[in-house]
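# Secondary and tertiary structure notes
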Amino acid sequence: ENEQTALSALGIDVTIILPVFMDGNWWGSLVLEHCAADGTWRDSDINALQAVASLFGTFLAHDNLEQRFREFAGNIPAVFWVGLPDNLHRTYVSPAYEQIWGRSCATLHEKPDSWIGAVYDDDYARVAATIKSKSGQAYDMTYRIVRPDHEIRWISDTAFPLRDASGQVRRVIGIAQDVTPQQDAVARLRGAESLL
């Protein structure tokens, strides 16, 4: 009851904690939560997540995969993200978010829809309209963001829905890449063509 009260104070109403075992020893836990959402975890969800936790433990047991995974995730120059079906709230972003957006992952976790606040003013209406019209659907768009240091970066953002067994969209997952160098090259090429 004390834990539930503490979690509710943080806006976390539904949590599941699954143990992850590596070679029969407890390695850690897979924790998933619904923030500000009523309901319970369905048995089918719990069974699927238990299978994921079991597979994760198996993978970790092979050739120190944990360290490889951390190095892999930390060095990928793109942002892997998971969001709610409304396409507005990001519930997870990989470490590259900090390098590309120039903001901490912790800040995004405190306010999951804050990523859209970084979208460049001239692109904001188009991005917001696409997100609204593609709620729970796949999309692929390019837009600009403004970092806290006022640097503008071009982002190529691709998303697709993750459906449960009944076909209902439970999450949207995607990848956002910094394509600023490519966009700059295109702009230089257009400038050269106009001079010619």
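See the structure printed just above.
As a starting point, this report considers the structure included with it.

Calculation notes
- Counting restarts for each chain, with residues numbered from 1 along the sequence as it is written.
- Confidence filtering applies because this is a predicted model: local features only for residues at pLDDT of at least 70, side-chain atom pairs given and counted only at 80 or more, and all residues used for totals across whole chains, interfaces and linings.
- No hydrogens and no water enter the side-chain calculation; it runs on all heavy atoms of the structure.
- In this analysis the probe radius is 1.4 Å and the grid spacing 1 Å, with only protein atoms considered; a cavity is a set of points the probe fits into but cannot get out of, a pocket is an open set with protein on both sides within 12 Å along at least five of seven lines, and lining residues have an atom within 4 Å of a point.
- Grid points are joined across faces, edges and corners, and a volume is the space filled by probe spheres set on the points.
- Secondary structure elements follow DSSP: runs of H or I no shorter than four residues count as helices, runs of E no shorter than two count as strands, and numbering proceeds from the N terminus.
- Three categories are distinguished: nonpolar for Ala, Val, Leu, Ile, Met, Phe, Trp, Tyr, Cys and Pro, charged for Asp, Glu, Lys and Arg, and polar for the others, with Gly belonging to the last.
- Strands qualify as paired when DSSP identifies two bridges or more between them.

### Some remarks on empty space enclosed by the protein
- Applying the stated rule across the entire model yields one cavity of 30 Å³ or more.
- Within this model, the largest cavity holds a volume of roughly 60 Å³.
- Lining of the largest cavity is provided by Val79, Trp81, Arg90, Val93, Tyr97, Trp101, Trp115, Tyr143, Asp157 and Ala176.
- Those elements giving two or more residues to the lining of the largest cavity turn out to be β3 (78-83), β4 (90-93) and α4 (96-101).
- For the lining of the largest cavity, the residue count by class is eight nonpolar, no polar and two charged.

### Section: the environment of Arg170
- Looking at where Arg170 falls in the secondary structure, it is placed in strand β7 (residues 169-178).
- Remark: the alpha-carbon pair of Arg170 and Leu84, spanning 86 residues in sequence, is separated by 7.1 Å.

### Points about the pairing of strand β5 (residues 139-146)
- With eight bridges joining them, β5 and strand β6 (residues 152-163) adopt antiparallel strand pairing. Bridge pairing in β6 links Thr142 to Ser156.
- If you look at the hairpin formed by β5 and β6, you'll find five residues sitting between the two strands, and His150 has a positive phi there, around 75°.

That is the geometry; function is a separate question.
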